[in-house]
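Notes for the structure review
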Amino acid sequence: MRYSNQQIHQIRSRLAAGTSMVHALEQVPIMFTEELAQLHSQVRYELVGAGRTLAPLLENPATTDVLVNGINGVWVDQGNGLEAVQVDDPQLQSDGGVRALAVRLAASCGQRLDDASPIVDGTFPSGIRLHAVLPPLSAQGTLISLRTHRSKVLTVSELVASGSIHPELEKYICAMVENRANIIISGATGAGKTTFLNAVLSLVPSDQRILIIEESAELAPMHPHIVHLQVRHANVQGVGEISMSELVRAAMRMRPDRIVLGECRGAEVRDVLSALNTGHEGGWATIHANSAQDVPARLVALGALAGMNEATVAAQASSALDAVIHVKREGRRRFVAQVSGMERIGGELVCVEALSVSADQKELWRGSGIAKLEARLGVSEVWG
Ligand SMILES: Nc1ncnc2c1ncn2[C@@H]1O[C@H](COP(=O)(O)OP(=O)(O)OP(=O)(O)O)[C@@H](O)[C@H]1O
Ligand SMILES: [Mg+2]
């Protein structure tokens, strides 16, 4: 239902006479019609949200990713791979509109996006992760990538119940947390590394202080004592950058019980390995790798960025890391596929399979690394 012209006239005159909006509406029946509610959400989306096309996609609990390729299309992943979205939103049909949207989204994450700083990586207070790139770095206009996260952190038990963690693996995962093992979570893009790490960190006893270092604060485990450190990019004059490496070193002096690296992707690998080798046990990190067997090569490549040779990375990683947990996405399923140990064999760093699980969770295999893993976790005698 709408206000009649006469009612609108009354409201206008009261406002013109200096009456507040509340009083101006006092004697007029306020009708919350469906239209008014729609108008309200539309205005909200346009002013503070992701716009009228993207916001409803992000609100859908099935959505994991929303991608805007300039004016060339919007894509959404709702569990069935990427699907094109029909767009009739003028904002997404002009280069200027998409760019303005990206700049507004970046500002909502407290970040700057302009020609001097054309790439942004940020997180909204709601936990949604934003990445945006401006032209000419992107040849197709402004590119926006949004990654959703459930508002409620999934627990390890919920991941077991939903078939993402084999029940047999749960006790190893709990033992890793309890025994302060140092673990790397590996997986391809979007495989579920951050989600799994959130669940695991929620198991850490509440009297321990967890220091999380990230590019932009994304992890939000259910834990009462979390401290976040975020990298700072250089300013317009090219100064003021604070790298992950510096943050890892700073973190060690902040009385952490656990040091967690959201994602290890550069020279900070040297500082993390040295922290884990010098008494800061119980650390967790994630790394991009297509399989657990690729993790050693990836660590060696990252170590090279920090001037470490292969032998040094192998020596440090094999003594610092107790296991690699590999998460995998196969179609709609995201699950923990493998747990491996890290060993140095003939001077080379290798992953030795301890436990592997099939995608349907029906089968679990034990590999040659199981004895060492169980010994480290102190569980062989109990479960032997
Ligand atoms: N086990 C799971 N069950 C249901 N949804 C999941 C599961 N794991 C991850 N997801 C969803 O899949 C999406 C990708 O997950 P996540 O961000 O954890 O992956 P990632 O490996 O950290 O990605 P990236 O490589 O981009 O950092 C998210 O929307 C998340 O909510
Ligand atoms: Mg992640």
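A few points on the structure. Just so it is clear, the structure is predicted and the values come from calculations on it, not from any experiment. (Residues numbered from 1 in each chain as written. Chains lettered and ligands numbered in written order. Predicted model: local features only at pLDDT ≥ 70, side-chain atom pairs only at ≥ 80, totals over all residues. Heavy atoms only, no water.)

Let's shift gears to the packing of helix H11 (residues 295-305) against helix H12 (residues 310-320). The relative placement of two packed helices is expressed as an angle between their axes plus a distance between the axes. For the pair H11 and H12, the least separation of the axes is 9 Å and the interaxial angle reads 120°. With respect to H12, the element H11 is oriented oblique. In the packing of H11 onto H12, the handedness of the crossing is right-handed. Facing H11, whose interface residues are Leu-299, Val-300 and Gly-303, H12 presents Glu-310, Val-313 and Ala-317. By residue class, the composition of the contact of H11 with H12 is four nonpolar, one polar and one charged. (Axes fitted to C-alpha atoms, helices over the stretch in contact; angles between N-to-C directions. Helix = DSSP H or I, 4+ residues; strand = E, 2+ residues; numbered from the N terminus. Parallel < 35°, antiparallel > 145°, perpendicular 65-115°, else oblique. Left-handed = near helix turned anticlockwise from the far one by under 90°. Contact = heavy atoms within 4.5 Å. Nonpolar A, V, L, I, M, F, W, Y, C, P; charged D, E, K, R; others polar.)

Where charged atoms from two side chains of opposite charge approach closely, those side chains can pair. In this structure the tally under the stated criterion is 16 salt bridges. In this structure, Arg-366 and Glu-374 form a salt bridge, with 3.8 Å as the shortest nitrogen-oxygen distance. Take Arg-366: its relative accessible area is 46%, and that puts it in the partly exposed class. One continuous salt-bridge network, built from bridges that share partners, spans Asp-121, Glu-215, Glu-263 and Arg-265. (Salt bridge = Lys/Arg side-chain N within 4 Å of Asp/Glu carboxyl O. Buried < 20%, exposed > 50% of the residue type's maximum accessible area, 1.4 Å probe, protein only.)

This part takes up the site of ligand 1. Inspection of the region around ligand 1 gives 18 residues, with Thr-148, Ser-164, Lys-193, Thr-194 and Thr-195 positioned closest. Within the contact set of ligand 1, an oxygen atom lies 2.9 Å away from a side-chain nitrogen or oxygen of Arg-129. One nitrogen or oxygen atom from the side chain of His-288 is found 2.9 Å from an oxygen atom belonging to ligand 1. About the coverage of ligand 1: the protein hides 91% of its 630 Å² of free accessible area. Across the shell around ligand 1, the residue classes break down as three nonpolar, ten polar and five charged. (Near = heavy atom within 4 Å. Polar contact = N/O pair within 3.5 Å; in protein donor to acceptor, adjacent residues only side chain to side chain. Areas by Shrake-Rupley, 256 points an atom, 1.4 Å probe, with all protein chains shown as cover.)

Turning next to the environment of Ile-11. Looking at the secondary structure, you find Ile-11 in helix H1 (residues 5-16). Separated by twelve residues in sequence, Ile-11 and His-23 place their C-alpha atoms 9.1 Å apart.

Relative to strand E13 (residues 333-345), strand E12 (residues 323-330) is paired through seven bridges, and the arrangement is antiparallel. By the bridge assignment for E13, Lys-328 is matched with Phe-335. Between the end of E12 and the start of E13, which pair antiparallel, lie two residues, with Gly-331 showing a positive phi angle near 60°. Here E13 runs beside strand E14 (residues 348-357); their pairing, made up of eight bridges, is antiparallel. Looking at E14, one finds that Ile-345 is bridged to Glu-348. Where E13 folds back onto E14 in an antiparallel hairpin, the turn is made up of two residues, including Gly-346, whose phi is positive at roughly 60°. (Pairing = 2+ DSSP bridges.)

Strand pairing in a sheet takes place through backbone hydrogen bonds and is either antiparallel or parallel in direction. The strand order E3-E2-E1-E6-E5-E4 describes an open sheet built from six strands, whose pairing is antiparallel. Each edge of the open sheet is held by one strand with a lone partner, namely strand E3 (82-85) and strand E4 (119-123). Averaged over neighbouring strand pairs, the angle between their axes works out to 15° when direction is ignored. Note: strand E5 (residues 129-133) against strand E6 (residues 143-147), five bridges, orientation antiparallel. The partner of His-131 across the bridge, within E6, is Ser-145. Helix-sheet contacts for helix H4 (residues 51-59) involve strand E1 (65-69), strand E2 (74-77), E3 and E6, and the interaxial angle to E1 is about 160°. Strands E1, E4, E5 and E6 of the sheet are contacted by helix H5 (residues 95-108), whose axis makes an angle of about 40° with E6.

Mapped onto the elements of the fold, Ser-186 is located in strand E7 (residues 183-187). A polar contact is formed between the side chain of Ser-186 and the side chain of His-326, at a distance of 2.7 Å.

Inspection of the secondary structure assignment puts Asp-322 in the loop between H12 and E12. Look at Asp-322 and you get buried, because its relative accessible area is 18%. A polar side-chain atom of Asp-322 sits 2.8 Å from the main-chain amide nitrogen of Asn-182. At a separation of 3.0 Å, a polar atom in the side chain of Asp-322 contacts the side chain of Arg-376.

For the rest of this paragraph, the subject is the sheet that holds strand E10 (residues 258-261). As summarised here, the arrangement of the nine strands in space is E9-E8-E10-E11-E7-E12-E13-E14-E15, forming an open sheet in which the pairing is mixed. Only two strands of the sheet have a single neighbouring strand rather than two, namely strand E9 (226-230) and strand E15 (364-366). Neighbour to neighbour, the strand axes of the sheet diverge by 25° on average, direction disregarded. Sheet topology note: the E7/E12 ladder contains four bridges and is parallel. When the bridges of E12 are listed, Ser-186 appears paired with His-326. The sheet contacts of H12 involve E13 and E14, and relative to E13 the element is tilted by about 110°. Against the sheet, helix H13 (residues 370-377) touches E12, E13, E14 and E15, its axis set at about 85° to E14.

Turning our eyes to something else, we now look at unusual backbone geometry. The peptide bond linking Pro-135 to Pro-136 adopts the cis configuration, its omega dihedral lying at 5°. As for its position among the elements, Pro-136 is in the loop between E5 and E6. Of note in this structure, Arg-180 is not a glycine but carries a positive phi near 55°. Here Arg-180 is to be found in the loop between helix H7 (167-178) and E7.

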